[in-house]
Amino acid sequence: MKLSGCNFHGILVIVFVMLGINSTSAMTKFNVLNFGANPNGRTDSTDGFLKAWNAACGSADSSFIYVPKGRYLVGSLEFKGKCRSPEIIIRIDGTIVAPLDYGVLGKSANWFSFEGVTGVSITGAGAFDAKGPSLWACKASHSNSCPAGATTLSFTNSNNIRINGLTIGSLAKDLKEEGVQNVTVKKTTFSNTQNGLRIKSWARPSTGFVEGVRFTDSVMRNVQNPIVIDQNYCPRNENCPGQVSGVKIKDIMYTDIRGTSSTPVAIKFDCSTKNPCTGIKLQNVNLTYLNKAAESFCSNVVGKAVDLVRPSSCL
């Protein structure tokens, strides 16, 4: 699943625990089409999505909410917890589309928000299309009338959340693209994952940027790459060999990060030779590998370490 053109501030995750969810009960299916959602991309499907959630939430069985292929125009939604259902799986194979007028959604705090939920999984091959370019153009004009913008996806006071295949995307995939800024991720737990706190960009020219990102209060449990910035992303060495990332990364803070790495290098900052990462800050970081000291790797990065930082900082 992909979040494209994120209109707004990216993903804000609060009290977000990435753990496996075991399903032992029956599964009841809820298709959003049966609740009035329309896949034509023009008809407002907000109410249909909310009705599907309420039905799934009230079910005594584990629940499966399905969003088939198509485009669904959806406004701001709040999915409230204290559900009867022990587990809710949301599979999105379609594209969730924000209103074309950024003023409609831009005045809301969140686009899709989950409050007090437990045992929710979001998966699929779909996308969130937040219609970001118009809002970014407004902000670039320095107009005082631009709304602050909404957070695309928010989990608050929630536990046992699983997100599979959900991506803000890889920066530098296109030459001209919006940046990512003002993203906060806090109170997270990563268990047996490939990546923990990761920022990556293709090794290609780009007008994109990443700035103002805050990673706070995270626990790593046997994670391959607990902290990583990778600006030399070039899978299968296709369309990018010999190039460097044009994405500018600055003002990234990691605070109160602890736990274990499943590889010797627990902190890796592999930044662009053209645009080195700047303003990177590590504070109160304690990561180990097999009950011994882990390692740090730095390339083309400027920053500082404050208070206790293990492994020893290479900044």
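A brief look at the structure comes next. These numbers were taken from a predicted model, which means no experiment stands behind them.

## Things to note about the overall build of the protein chain
- For the protein chain, the helix and strand inventory stands at 3 helices and 24 strands.
- Across the 315 residues that make up the protein chain, the buried fraction comes to 50%.
- Within the protein chain, contacts between residues at least 6 apart in sequence are counted, and of these 86% link residues at least 24 apart.
- Of the roughly 14300 Å² of accessible surface on the protein chain, a fraction of 48% belongs to carbon and sulfur atoms.

## Observations concerning the pattern of salt bridges
- Summed over all chains, the structure comprises 5 salt bridges.
- Where Asp 47 meets Lys 51, a salt bridge forms, and the shortest distance between an N and an O atom there is 3.1 Å. Here Asp 47 and its partner Lys 51 are both found in helix α1 (residues 46-57), 4 residues apart, which amounts to about one turn of the helix.
- Note on Lys 51: relative accessible area 43%, which makes it partly exposed.
- We note a salt bridge from Asp 251 to Arg 214, for which the minimum N-O separation is 3.0 Å. Taken together, the positions of Asp 251 in strand β19 (residues 248-261) and Arg 214 in strand β17 (residues 209-223) put the pair 37 residues apart, joining distant regions of the chain.

## Examining the side chain of Ser 63
- On the secondary structure map, Ser 63 appears in strand β5 (residues 62-67).
- At 2.9 Å, the side chain of Ser 63 forms a polar contact with the backbone oxygen of Ala 56.
- A distance of 3.2 Å separates polar atoms of two side chains, one belonging to Ser 63 and the other to Ser 85.

## Some words on the state of the cysteines
- If you walk through the whole model with that rule in mind, you get 4 disulfides.
- Paired through a disulfide, Cys 138 and Cys 146 show a sulfur-sulfur distance of 1.9 Å. Handedness of the Cys 138-Cys 146 disulfide follows from its S-S torsion of about -100°: it is left-handed. Across the pair, Cys 146 and Cys 138 agree in class, each one buried.

## A word on the sheet that holds strand β8 (residues 88-92)
- Taken in spatial order, the 5 strands make up an open sheet running β3-β5-β8-β11-β14, and their pairing is parallel. In this open sheet, the two strands that pair with only one neighbour each are β3 (27-31) and β14 (159-163). Neighbouring strand axes in the sheet, compared pairwise and without regard to direction, differ in orientation by 15° on average.
- Bridging between strand β11 (residues 118-123) and β14 involves 4 bridges; their strand directions are parallel. Residue pairing across strands places Thr 118 opposite Asn 159, the latter belonging to β14.
- Relative to β5, α1 is tilted by about 165°, and along the sheet it contacts β3, β5, β8 and β11.

## A word on the environment of Asn 54
- Assignment of secondary structure puts Asn 54 in helix α1.
- By relative accessible area, Asn 54 is classed as partly exposed at 47%.
- A sequence separation of 26 residues divides Asn 54 from Lys 80, and the C-alpha atoms of the two residues are 8.6 Å apart.

## Regarding the sheet that holds strand β18 (residues 225-233)
- If you walk across this open sheet you meet the 4 strands as β16-β18-β20-β23, and the pairing is parallel. This sheet does not close on itself; its edge strands, each paired only once, are β16 (195-202) and β23 (295-299). Put simply, the sheet's adjacent strands are angled 10° from each other on average, direction ignored.
- Bridging between β18 and strand β20 (residues 265-270) involves 4 bridges; their strand directions are parallel. Counted as the bridge partner of Ile 229 is Phe 269 from β20.

## Looking at the nonpolar core
- Within the largest apolar cluster, 33 residues are counted, with the highest numbers of intra-cluster contacts made by Phe 49, Trp 53, Ile 96, Phe 112 and Phe 114.
- Listed by contribution, the elements that provide at least two residues to this core are α1, β5, β7 (77-80), β8, β10 (110-115), β11, β13 (151-156) and β14.
- Of the residues forming this core, the biggest block, 5 residues, is contributed by α1.
- With residues near it in sequence (within four places) discarded, Phe 114 still touches Trp 53, Phe 79, Ile 90, Val 120, Ile 122, Leu 153, Ser 154, Phe 155, Thr 156 and Ser 158.
- Residues Phe 190, Cys 277, Leu 287 and Ala 294 belong to the second largest nonpolar core, which totals 31 residues.

## Examining α1
- Here α1 spans 17 Å end to end across 12 residues, near enough to the 16 Å set by a 1.5 Å rise per residue.
- Taken as a whole, α1 has its buried residues at Thr 46, Gly 48, Phe 49, Ala 52, Trp 53, Ala 56 and Cys 57.

## Observations regarding the pairing of β19
- Direction of pairing for β17 relative to β19: parallel, over a ladder of 11 bridges. Its bridge partner being in β19, Val 210 is matched across the sheet by Ile 249.
- Strand direction decides the pairing type here: β19 and strand β21 (residues 277-289), joined by 10 bridges, are parallel. By the bridge assignment for β21, Ile 252 is matched with Ile 280.

Here is what the cut-offs are and how they apply
Throughout, a residue's number is its position along its own chain's written sequence, starting from 1. This being a predicted model, a pLDDT of at least 70 is required before a residue's local features are given, and a value of 80 or more before pairs of side-chain atoms are given or counted; all residues contribute to the totals for chains, interfaces and linings. Hydrogens and water molecules were not included; the side-chain quantities draw on all heavy atoms of the structure. Only DSSP runs of H or I with at least four residues qualify as helices, and only runs of E with at least two residues qualify as strands; both kinds are numbered from the N terminus onward. Only protein chains enter the accessibility calculation, which uses a 1.4 Å probe; a residue whose area is less than 20% of its type maximum is buried, one above 50% is exposed, and one in between is partly exposed. Whether two residues are in contact is decided by their heavy atoms: any pair within 4.5 Å suffices. The accessible surface values rely on the Shrake-Rupley method and a 1.4 Å probe; as for residues, cover is taken only from the protein chains in view. Salt bridge, as used here, is a side-chain nitrogen of Lys or Arg placed within 4 Å of a carboxyl oxygen of Asp or Glu. N or O atoms within 3.5 Å of each other form a polar contact, as long as, within protein, one can give a hydrogen and the other can take it, and as long as residues adjacent in sequence are counted only when both atoms are side-chain atoms. Two cysteine sulfur atoms make up a disulfide if the distance between them is within 2.5 Å. When DSSP finds at least two bridges between two strands, those strands are taken to pair. To obtain each axis, a line is fitted to C-alpha atoms, and for helices this fit is confined to the stretch in contact; angles are then taken between N-to-C directions over 0 to 180 degrees. We call a set of buried residues a nonpolar core when its members are Ala, Val, Leu, Ile, Met, Phe, Trp, Tyr or Cys and they connect through side-chain atoms within 4.5 Å of each other. What a helix should span is 1.5 Å times the count of its residues minus one.

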